[in-house]
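# Commentary on secondary and tertiary structure
Residues per chain, in single letters:
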Amino acid sequence: MQRLEDAGAVVTGAGHGIGRALAQRLVAEGARVVVNDLDADACHAVAAEIGATALPGDCSSTEGVAALIDGATAALGRIDVFMANAGIDRSVSEEQPDSLQAPEEAWAQMIETNVMSHVRAARVLVPRWLADHRGGRFVVTASAAGLLTMIGAAPYSVTKHAAVGFAEWLSITYGHRGIAVQAICPQGVQTRMLDQAGPLKDLLSRDQALTPEQVAQTWVASLAEDRFLVLPHPEVAGYYATRAAETDRWLGGMRKLQGKLDEFLLDHDPGVQ
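Please read all numbers here as calculations on a predicted model, not as lab measurements.

Inspection of the entire model under this criterion finds three aromatic pairs. For the pair F82 and F138, a centre-to-centre distance of 5.6 Å together with 15 degrees between the ring planes defines the contact as stacked. You can see F82 sitting in strand β4 (residues 81–84) and its partner F138 sitting in strand β5 (residues 136–141), a full 56 residues away along the chain. Side by side, F82 and F138 carry an identical accessibility label, which is buried. With centroids separated by 6.3 Å and ring planes inclined at 15 degrees, the aromatic side chains of F166 and W169 adopt a geometry described as stacked. Remark: W169 and F166 occur in helix α5 (residues 154–174); sequence separation between them is three residues, near one turn of the helix. Under the relative-accessibility criterion, F166 is labelled buried at 15%. Judged by its relative accessible area of 45%, W169 is partly exposed. Through pairs of rings, three or more aromatic residues link up here, namely F166, W169 and Y174. Sitting above the plane of the W250 ring, R243 keeps its charged end 5.6 Å from the centroid.

Okay, here's the thing in structure tokens:
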């Protein structure tokens, strides 16, 4: 189990939602925390509220990641825990409701934030953790969409699958050398992203939309067993097992859900094809 007391921790995307809750919980557990968010005002507000250090900026770019890690190392002395939490969804819009037709720019933005931000952070942190032989913990906030899929959201589903895949690779490659890796994979959580999900909101909340604080609690509890997959909605484990063992049955069930969504959209907007 990772001791969080006096650990140096960084949380990206900490201005709102799950990131804010993770940062708040880390402070409550005795960690020294740096919060990061592209929204500088929210970043500073959270830091002031919970007693953390604010380092706003873009955690997805090479330059932004380097600045964040250097700044956090200066503030904390050492980064022991990196919570790669920042994520975005640009799959659909009012102008383009079909995510298959999401523009190249939307795909590129989501790949940068949902995947490459993790890769770039690990490129810097892992060699440092290996060099001083003290290890570290790298935690990716992915999504149940990364284990299953997100109906109606092709770029989000694909990038979250990639995020889980990268976390798995990190664990396999460096886990025996003291690098602990985890992937947090919730379904619906009461965040701005869920509020903006439109007709998908009820679908994402079918098993219960949790609070961000409940997600943070599930992560802390997972440290006792050091589980790779952190599932705030435990029923996701069953869905994931069915997907692997009975893929065609699982796909059939997902197509039924897609059909229900199509019916809902048609009822509320007859112009939808």
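It is worth spelling out unusual backbone geometry at this point. Phi is positive for H133, close to 60 degrees, though the residue is something other than glycine. Mapping H133 onto the fold places it in the loop between α4 (104–131) and β5. Positive phi, normally seen in glycine, also occurs at D226, with a value near 55 degrees. Tracing the sequence through the fold places D226 in the loop between α8 (212–222) and β7 (229–230). What makes D226 partly exposed here is its relative accessible area of 36%.

Look at helix α3 (residues 62–76) against α4: their axes get within 9 Å of each other, and the N-to-C directions meet at 40 degrees. Judged on the interaxial angle alone, α4 and α3 are oblique. In the crossing of α3 with α4, the sense of the turn from one axis to the other is right-handed. Along the contact surface, α3 presents T62, V65, I69, D70 and T73, while α4 presents S117, R120, A121, V124, L125 and R128.

Rules behind the numbers
- Residues numbered from 1 in each chain as written.
- Predicted model: local features only at pLDDT ≥ 70, side-chain atom pairs only at ≥ 80, totals over all residues.
- Heavy atoms only, no water.
- Phe/Tyr/Trp six-rings, centres within 6.5 Å; stacked < 30°, edge-to-face > 60°.
- Helix = DSSP H or I, 4+ residues; strand = E, 2+ residues; numbered from the N terminus.
- Buried < 20%, exposed > 50% of the residue type's maximum accessible area, 1.4 Å probe, protein only.
- Lys NZ or Arg CZ within 6 Å of the ring centre and 35° of its normal.
- Axes fitted to C-alpha atoms, helices over the stretch in contact; angles between N-to-C directions.
- Parallel < 35°, antiparallel > 145°, perpendicular 65-115°, else oblique.
- Left-handed = near helix turned anticlockwise from the far one by under 90°.
- Contact = heavy atoms within 4.5 Å.

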